[in-house]
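# Secondary and tertiary structure notes
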Amino acid sequence: MVINAANLIVVATALPLLMGQRLSWAAGSARASLMVQALGWVAILFSGLWAGRWQDLLLSTFAIACFCGGQWFMFEAMRGWLGPRRGRTLLLALVVLTPIGYALSFQVYPGRVGWANFMIAAQLLMVAQSTLSPGTSLGVRWRWAVFGSALTMAGFTAARGVLGAFLTDLYPTFWTPHPVNVGATIATNVTLVLSSVAVLVAWRGEAEAQLREQAFRDSLTGLTNRKGWDELAKSAFDQARRHGYALSLLMVDLDHFKRINDSHGHDVGDQVLRMFGKLIRDTHRSGDLVARIGGEEFALLLPQTDQAGALLFEQRLRQGLQRACAEQVSLNVNYSAGLACLQGGDASLTDLMVRADTALYRAKDLGRGASNWRADR
């Protein structure tokens, strides 16, 4: 147990140095989980050094609270890395009630040991199940390390609860060298290593995903940039063509944008671009791909959307632009748009983009501020 506490302290000290201070909520929660559990083991060790009842009560209850907090933070890490997880409210209730029940039943050894261990075992099971639905592309293997660690410790913790609550003569104190207790302590050391490695692997995957997103993100508008468009749009096009889904491509170009820069300055031009980028983000659906592919040119790929649906989308976008201009920039900004819908003759994304561009330039020929919905005429 001393070695286990020492290992946790080393990990808790090393992780802030390795991971730095600027962390996401998920990475910070995972690190906090290991650090809080280390603090709990220190409290357990010190509780054995003092024979006083009140000191033992306070330190033991604090340790139980730390162990519960460790499970909560690990669950939060899974939620941050993998998306919404089921059972968060129930877990929070268990985390709060466990140390309270432990303190209230402290005078009854079987009661407090059974309560604390069964409740913590339930929390560990909830942490294990939180790893089962990935929800993101951060990888798979590290999740199984967390799952296996939590499930193993849930089994040993429940076994400790059975010994303490129903077989008290075999487990009269926390320090009793019963095989289950010894096995639990060894398992804690092993799962510490696995959990620490899993946290670092997940953190690295998160960092790589953030770098990838930054590489694909236009810094001014927050939309996907041309590099991201070339990769992501091709994948969406191939999927729609393979499965026969409807797919619409809307090319949009802000009218007379050079005149805005020349007359009002580039700061105002940037403000217009940011405004339009936000409008597109607020208007598009979660499955749509929206990108700034040129200075004032934007591309919007609308999966499972036919021409009628694309027309409705464009109407909402144009109406939203009128409102945004009046409220934010006090300028009359408009755009021209061209649409192409996926046809059997479109062998590649380039074919679809050529037809949408053709429709866009026809719209400009109509006097700008217009839309052209037929690139094939």
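Treat the numbers as computed from the prediction; the structure is a model and nothing was measured. (Residues numbered from 1 in each chain as written. Predicted model: local features only at pLDDT ≥ 70, side-chain atom pairs only at ≥ 80, totals over all residues. Heavy atoms only, no water.)

## Thoughts on helix α9 (residues 257–264)
Those residues of α9 that sit buried are F257, I260 and N261. When α9 is viewed along its axis, its buried side chains cluster within an angular range of 95° and face the same direction. In this structure, α9 carries K258, R259, D262 and S263 as exposed residues pointing more than 90 degrees from its buried face. Tucked into the core, α9 has its buried residues touching β1 (247–254) and α10 (266–283). (Buried < 20%, exposed > 50% of the residue type's maximum accessible area, 1.4 Å probe, protein only. Helix = DSSP H or I, 4+ residues; strand = E, 2+ residues; numbered from the N terminus. Arc of directions from axis to C-beta. Contact = heavy atoms within 4.5 Å.)

## A few points about the packing of helix α1 (residues 2–19) against helix α7 (residues 179–215)
Close contact between α1 and α7 brings their axes to 10 Å; oriented N to C, the two are set at 10°. The angle between α1 and α7 falls in the class roughly parallel. From α1, I3, N4, N7, L8, V11, L15, L18 and M19 reach across to α7, where they touch T185, T188, N189, L192, S196, V199, L200 and W203. Looking at side-chain class alone, the contact of α1 with α7 contains 10 nonpolar, 6 polar and no charged residues. (Axes fitted to C-alpha atoms, helices over the stretch in contact; angles between N-to-C directions. Parallel < 35°, antiparallel > 145°, perpendicular 65-115°, else oblique. Nonpolar A, V, L, I, M, F, W, Y, C, P; charged D, E, K, R; others polar.)

## Here we look at the packing of helix α2 (residues 25–47) against helix α3 (residues 53–82)
Following both chains from N to C, one finds α2 and α3 inclined at 165°, their axes separated by 7 Å at the closest point. One element, α2, and the other, α3, form an angle in the roughly antiparallel class. Regarding α2 and α3, the two cross each other, and that crossing is left-handed. Of the residues belonging to the contact of α2 with α3, the class tally is 20 nonpolar, 10 polar and 3 charged. (Left-handed = near helix turned anticlockwise from the far one by under 90°.)

## Topic: the confidence of the model for the protein chain
On average, the protein chain scores 89 in pLDDT, and the residues at 70 or more come to 95%. The weakest mean pLDDT in the protein chain belongs to strand β5 (residues 371–372) at 60; the strongest belongs to helix α4 (residues 88–104) at 97. (pLDDT = per-residue confidence, 0-100.)

## A word on the pairing of strand β3 (residues 297–303)
Buried residues dominate β3, accounting for 6 of its 7 residues. Sheet topology places β1 next to β3; 7 bridges connect them, and they run antiparallel. In the sheet register, V252 faces β3, and the bridge partner there is F298. Of the strand pairs in this sheet, strand β2 (residues 289–292) and β3 are connected by 4 bridges, and their pairing is antiparallel. Bridging from a neighbouring strand, L289 pairs with L301 of β3. From the end of β2 to the start of β3, which pair antiparallel, there are 4 residues. (Pairing = 2+ DSSP bridges.)

## Some points on unusual backbone geometry
Positive phi, normally seen in glycine, also occurs at H256, with a value near 50°. With respect to the helices and strands, the residue H256 is situated in the loop between β1 and α9. What makes H256 partly exposed here is its relative accessible area of 36%. In this model, Q304 sits at a positive phi of 55°, which is unusual for a non-glycine residue. Take Q304: it is sitting in the loop between β3 and α11 (307–329). In this structure Q304 comes out as exposed when scored by relative accessible area, which is 59%.

## Concerning α11
For α11, built from 23 residues, the straight-helix expectation of 33 Å at 1.5 Å per residue is met to within 8% by its first-to-last C-alpha distance of 31 Å. Considered for burial, the residues of α11 that qualify are A310, F313, E314, L317, R318, G320, L321, A324, C325 and V329. (Expected span 1.5 Å × (residues − 1).)

## Looking at the pattern of salt bridges
Inspection of the entire model under this criterion finds 13 salt bridges. We note a salt bridge from R292 to D218, for which the minimum N-O separation is 3.3 Å. Of the two residues, R292 sits in strand β2 while D218 sits in the loop between α7 and α8 (226–243), which places them 74 residues apart along the sequence. This pair shows no difference in class: R292 is buried, exactly as D218 is. One salt bridge connects R318 with E314, and the closest N-O pair in it is separated by 2.7 Å. Residue R318 and its partner E314 are both found in helix α11; the two are separated by 4 residues, about one turn of the helix. Through salt bridges that share partners, E76, R79 and R88 make up one connected network. (Salt bridge = Lys/Arg side-chain N within 4 Å of Asp/Glu carboxyl O.)

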